[in-house]
Amino acid sequence: MSPEHTPEDPAWDAALRRAGIGAFLAGAAATLAFLAFFPGLPHVIDWGAIITALAVGALARWSYRAHLTRKHTRPE
């Protein structure tokens, strides 16, 4: 029988929350590092870079949580 995700599963929710936070921080940090240190780009972190980093972090969080949820609910 496959494990079903239930709203009453606090361990799974906590694991998803920690994974989402980590993915968001990794995506945002990677984007800021790319925009700050990549040769040929202006070495200034402005509002556009911050908004882009937040958007990439949110996309990384969403995609990693979707991957974990799909992997967790997949029948074996």
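Parameters and conventions
- Residues numbered from 1 in each chain as written.
- Predicted model: local features only at pLDDT ≥ 70, side-chain atom pairs only at ≥ 80, totals over all residues.
- Heavy atoms only, no water.
- Helix = DSSP H or I, 4+ residues; strand = E, 2+ residues; numbered from the N terminus.
- Buried < 20%, exposed > 50% of the residue type's maximum accessible area, 1.4 Å probe, protein only.
- Contact = heavy atoms within 4.5 Å.
- Areas by Shrake-Rupley, 256 points an atom, 1.4 Å probe, with all protein chains shown as cover.
- Expected span 1.5 Å × (residues − 1).
- Patch = residues over 30% accessible without salt bridge, like charges linked within 9 Å, V, L, I, M, F, W, Y side chains within 5 Å.
- Salt bridge = Lys/Arg side-chain N within 4 Å of Asp/Glu carboxyl O.
- Axes fitted to C-alpha atoms, helices over the stretch in contact; angles between N-to-C directions.
- Left-handed = near helix turned anticlockwise from the far one by under 90°.
- Nonpolar A, V, L, I, M, F, W, Y, C, P; charged D, E, K, R; others polar.

Draft legend 1. Structural detail: the overall build of the protein. When its secondary structure is counted, the protein shows 2 helices and 0 strands. Counting only residues that meet the buried cut, the protein has 18% of its 76 residues in that class. When contacts within the protein are restricted to residue pairs at least 6 apart in sequence, those whose partners lie at least 24 apart make up 64%. Accessible surface for the protein amounts to roughly 5,700 Å². Of this, 69% is attributable to carbon and sulfur atoms.

Draft legend 2. Highlighting helix α1 (residues 10-37). Between the first and last C-alpha of α1 there are 40 Å, a value that for 28 residues agrees with the 40 Å anticipated at 1.5 Å per step. Within the sequence span of α1, burial applies to W12, A14, L16, A19, G20, A23, G27, A28, T31 and A36. Packing partners of the buried residues in α1 comprise α2 (47-73).

Draft legend 3. Inspection of a nonpolar patch on the surface at higher detail. On the surface, a cluster of nonpolar side chains totalling about 590 Å² of accessible area is made up of L32, I45, W47, I50, I51 and L54. Sort the elements by how many residues they give to the nonpolar patch and α2 lands first, with 4 residues. Position of I50 among the secondary structure elements: in helix α2. Among the residues examined, I50 registers a relative accessible area of 31% and is labelled partly exposed.

Draft legend 4. Up close: α2. The end-to-end C-alpha separation of α2 is 39 Å, in line with the 39 Å expected for 27 residues at 1.5 Å each. Taken as a whole, α2 has its buried residues at A49, A53, G57 and L68. Contacts from the buried residues of α2 go to α1.

Draft legend 5. Quick look at the packing of α1 against α2. Running from N to C, α1 and α2 cross one another at 145 degrees; their axes reach a closest spacing of 7 Å. For the element pair α1 and α2, the recorded crossing hand is right-handed. Residues that form the contact of α1 with α2 fall into these classes: 16 nonpolar, 7 polar and 3 charged.

Draft legend 6. Structural detail: the environment of L59. On the secondary structure map, L59 appears in helix α2. On a C-alpha basis, the gap between L59 and A28 in space is 9.7 Å, while along the polypeptide they are 31 residues apart.

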